[in-house]
Amino acid sequence: MEYSSYYTMSAEEVAKDYFKKLKVIRIIFYACLFGLYILIFIAIFRFKFLLLIALLLLVVISDLVFVYVKWFNFYRLNYILFTDCDPVKYIKVFDILEQADKHKKAVSTINLNKAYGYNLLKDYPALKNCLEKVSFKRSILSREILIVNLWGNYARNTNNMQMYKACIEKVSRFQNAKNRKAYKNSIAYLLNIWSMLDALEKEDRKTAKQLYHHIIKSENNNMKRVQDKYYLYKIEKLYQNEQEAKEALEYVIQYGNTMKIKEEAEAYMKEYNP
């Protein structure tokens with residue numbers, strides 16, 4: 001398994017690296033903007049209207065590039081979860097970002113990311129606390145799917161069946177809406193996960209395995225692979241395939257890093273290595 005550049009860094013080092021890159025991005029952007037405004041002034045002074053239009057277009061393009069590069073610098077922090085499987089470090093990084101957010105402009109974004117980390121730690125009181133602070137003015141479907149996913153996981157694991165059913169119904173409504181295929185795949189993946197977990201609880205091994213084969217088609221990062229191996233262990237235990245179950249546990253233990261399921265896998269492994 002390959003890890004990200006953050007793997008050997010502490011949370012403090014990751015945050016420092018993030019802020020350093022953000023500062024460089026801003027300096028480059030404002031330097032470019034300053035240069036473009038000087039050229040715009042010259043173009044106006046010399047009545048170069050075609051050049052003026054081209055320069056104004058460059059200003060717009062520069063702004064779009066700045067937004068994208070700034071977003072990507074932020075998005076890269078997700079590698080700590082998706083690639084390194086390290087929710088403990090991930091939450092610490094966002095704690096630092098939260099402290100640096102003096103004007104509280106990113107409360108919802110920071111707490112949604114922290115909630116994702118707590119979900120992987122199975123710390124459901126902390127998950128709920130973060131989700132209650134999440135309130136975006138603009139609705140974006142991919143984000144709404146994640147929020148419902150986290151609330152559904154919270155409800156399911158705290159035995160709040162009324163909330164859990166409401167989350168399933170909300171996801172089903174997303175499924176019936178006119179959305180891009182990528183979103184429909186995400187919705188189907190979430191419903192399959194929940195249905196598989198319900199089947200495992202009922203010890204319906206056939207249904208669980210059928211759903212599992214659908215789920216693994218969506219494996220696109222290390223975190224999902226570790227989670228899927230954990231589900232596979234549960235399924236193989238129902239089939240009494242002890243060797244396959246043990247191999248699945250070994251994978252979770254080797255690559256689970258600070259995910260809660262690694263700790264659980266280590267406990268289950270005692271059955272094989274008393």
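Residues numbered from 1 in each chain as written. Predicted model: local features only at pLDDT ≥ 70, side-chain atom pairs only at ≥ 80, totals over all residues. Heavy atoms only, no water.

A. Quick peek at the pattern of salt bridges. Enumeration according to the criterion identifies eleven salt bridges in this entry. Among the ionic pairs, R156 bridges to D198, the shortest N-O distance being 3.1 Å. With R156 in helix α7 (residues 141-157) and D198 in helix α9 (residues 181-201), the pair connects residues that are 42 residues apart, well separated along the chain. Note that K260 and E263 form a salt bridge whose closest N and O atoms lie 3.0 Å from each other. Placement of both K260 and E263 in helix α13 (residues 260-269) is noted, with a separation of three residues, approximately one turn of the helix. Judged by its relative accessible area of 25%, K260 falls in the partly exposed class. Shared partners join several salt bridges into a network, and the residues in it are D95, E98 and K114. (Salt bridge = Lys/Arg side-chain N within 4 Å of Asp/Glu carboxyl O. Helix = DSSP H or I, 4+ residues; strand = E, 2+ residues; numbered from the N terminus. Buried < 20%, exposed > 50% of the residue type's maximum accessible area, 1.4 Å probe, protein only.)

B. Summary view of the environment of Y183. Checked against the element boundaries, Y183 lands in helix α9. Each C-alpha atom of the pair Y183 and A11 lies 32 Å from the other, and the pair is 172 residues apart in sequence. In contact with Y183, other than residues within four places in its own chain, are L141, S142 and I145. (Contact = heavy atoms within 4.5 Å.)

C. Seen up close, the packing of aromatic side chains. Enumeration according to the criterion identifies 19 aromatic pairs in this entry. For the pair Y68 and W71, a centre-to-centre distance of 5.8 Å together with 35° between the ring planes defines the contact as tilted. With Y68 and W71 both in helix α2 (residues 49-75) and three residues apart, the pair spans about one turn of that helix. Ring centres 6.4 Å apart and planes at 50° place the aromatic pair W71 and F72 in the tilted group. Judged by relative accessible area, F72 falls into the partly exposed class, the value being 31%. Aromatic rings pair up to connect Y18, F19, F74, Y90 and F94 into one cluster. Taking NZ or CZ as reference, K229 lies 5.4 Å from the ring centre of Y251, over its face. (Phe/Tyr/Trp six-rings, centres within 6.5 Å; stacked < 30°, edge-to-face > 60°. Lys NZ or Arg CZ within 6 Å of the ring centre and 35° of its normal.)

D. Region of the structure containing the environment of K209. Mapped onto the elements of the fold, K209 is located in helix α10 (residues 205-215). Judged by its relative accessible area of 23%, K209 is partly exposed. When the C-alpha positions of K209 and L232 are compared, they lie 8.1 Å apart, and in sequence the two are 23 residues distant. Residues in contact with K209, not counting those within four places in the same chain, are I235, E236 and Y239.

E. Expanded view of the packing of helix α1 (residues 11-45) against helix α4 (residues 87-100). At a minimum axis distance of 8 Å, the contact between α1 and α4 shows a crossing angle of 50°. Here α1 lies oblique to α4, going by the angle between them. In the crossing of α1 with α4, the sense of the turn from one axis to the other is right-handed. Residues A11, E12, V14, A15, Y18 and F19 of α1 form the contact with α4, whose own contacting residues are K89, K92, V93, I96, L97 and A100. Each residue belonging to the contact of α1 with α4 can be placed in one class, and the counts come to nine nonpolar, no polar and three charged. (Axes fitted to C-alpha atoms, helices over the stretch in contact; angles between N-to-C directions. Parallel < 35°, antiparallel > 145°, perpendicular 65-115°, else oblique. Left-handed = near helix turned anticlockwise from the far one by under 90°. Nonpolar A, V, L, I, M, F, W, Y, C, P; charged D, E, K, R; others polar.)

F. The arrangement of the nonpolar core in detail. If you look at the biggest cluster of nonpolar residues, it comprises 59 residues, and the most contacted ones within it are L77, L97, W194 and M196. Top element by residues in this core is α9. It accounts for eleven residues. Apart from the residues lying within four places of it in its own chain, the contact partners of M196 are A208, L211, Y212, I215, Y231 and I235. Counting residues in hydrophobic clusters, the runner-up holds 13 residues, among them L112, Y124, L127 and V134. (Core = buried A, V, L, I, M, F, W, Y, C linked by side-chain atoms within 4.5 Å.)

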